[in-house]
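Each chain, written out:
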Amino acid sequence: MNLIEAKIPGLFLVENNLLRDNRGTFLKTFQKSVFEKAHSDLNFSESYYSVSQKDVIRGMHFQIPPEDHHKLIYVPKGKILDVVLDLRKQSDTFGQFESFELSSENAKAVLIPKGCAHGFRSLEDDTITIYAVTTEYNNVLDLGIKWESFGFNWGISKPIISARDLSFPSLEDFKNSNPF
Ligand SMILES: Cc1cn([C@H]2C[C@H](O)[C@@H](COP(=O)(O)OP(=O)(O)O[C@H]3O[C@H](C)C(=O)[C@H](O)[C@H]3O)O2)c(=O)[nH]c1=O
């Protein structure tokens, strides 16, 4: 398990060791002694997963203070194009994004810091995405940025996307109320 810091400070690509034998595969998704080198306050409060058909886009999501959270993302089945957007006004990479291909085959994960928006495009049917977060869900503080408003090329113009995600403000409009 190896954490590689990305261009966005506090964002890490996690390279995992996928073990295979005649029964199938085994992969460790979290190890405190390794992850605490990245974030000392990494205490996960809850975890959930979604199943997505090809060309679903979920995002861009985040929770605002006091319930903002770090987020660990991995894909035990299928493949996603994972996207992270830095919303921290004081960050050198404010407004910048990074993307990673996560799949059951490459066994990679992404550790996302507080103050960043997260989303992904599913690249295969029946893709399972697992999320672990360091605060519990709060439907009032769970907000978003519109998927096509910050300059990222998703490679698709008509994704399968929720009405809620379509209703999010653009990055430009969000700037007026940005709490990060
Ligand atoms: C997270 C959560 C959601 N919900 C409800 C809210 C909605 O009615 C429904 C689905 O939630 P949402 O549409 O936010 O799910 P996704 O669009 O898949 O969002 C997920 O994928 C993106 C990429 C992320 O980064 C989010 O952290 C993650 O929540 O479950 C709950 O009742 N409890 C919960 O803890």
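None of the values given here were measured: they were computed from a predicted structure.

## Re the UniProt feature "active site" (unreviewed entry) in the protein chain
Thinking step 1. As annotated by UniProt and renumbered to match this structure, "active site" (unreviewed entry) occupies H61 and Y131. These annotated residues cover 71 residues of sequence, but their C-alpha atoms sit close together, with the largest distance between any two at 12.0 Å. For the largest cavity, the lining residues drawn from the annotated set are H61.
Thinking step 2. Tracing the backbone through its elements, the reader meets H61 in strand β6 (residues 57–63).
Thinking step 3. The topology assignment puts Y131 in strand β12 (residues 127–133).

## Notes on the sheet that holds strand β9 (residues 97–103)
Thinking step 1. With antiparallel pairing, the five strands of this open sheet are ordered in space as β9-β8-β11-β6-β13. Where the open sheet ends on each side, the last strands, each with one partner, are β9 and β13 (142–144). Pairwise comparison of adjacent strand axes, ignoring direction, gives a mean angle of 30° for this sheet.
Thinking step 2. Summarising the sheet, strand β8 (residues 79–86) and strand β11 (residues 116–122) pair through seven bridges and their orientation is antiparallel. Within β11, the position partnered with V83 by the bridge is G119.

What counts, and where the lines are drawn
- Residues numbered from 1 in each chain as written.
- Predicted model: local features only at pLDDT ≥ 70, side-chain atom pairs only at ≥ 80, totals over all residues.
- Heavy atoms only, no water.
- UniProt positions renumbered as here; feature names shortened; annotations may be inferred.
- 1 Å grid on protein atoms, 1.4 Å probe; cavity = no way out; pocket = protein on both sides within 12 Å on 5 of 7 lines; lining within 4 Å.
- Helix = DSSP H or I, 4+ residues; strand = E, 2+ residues; numbered from the N terminus.
- Pairing = 2+ DSSP bridges.
- Axes fitted to C-alpha atoms, helices over the stretch in contact; angles between N-to-C directions.

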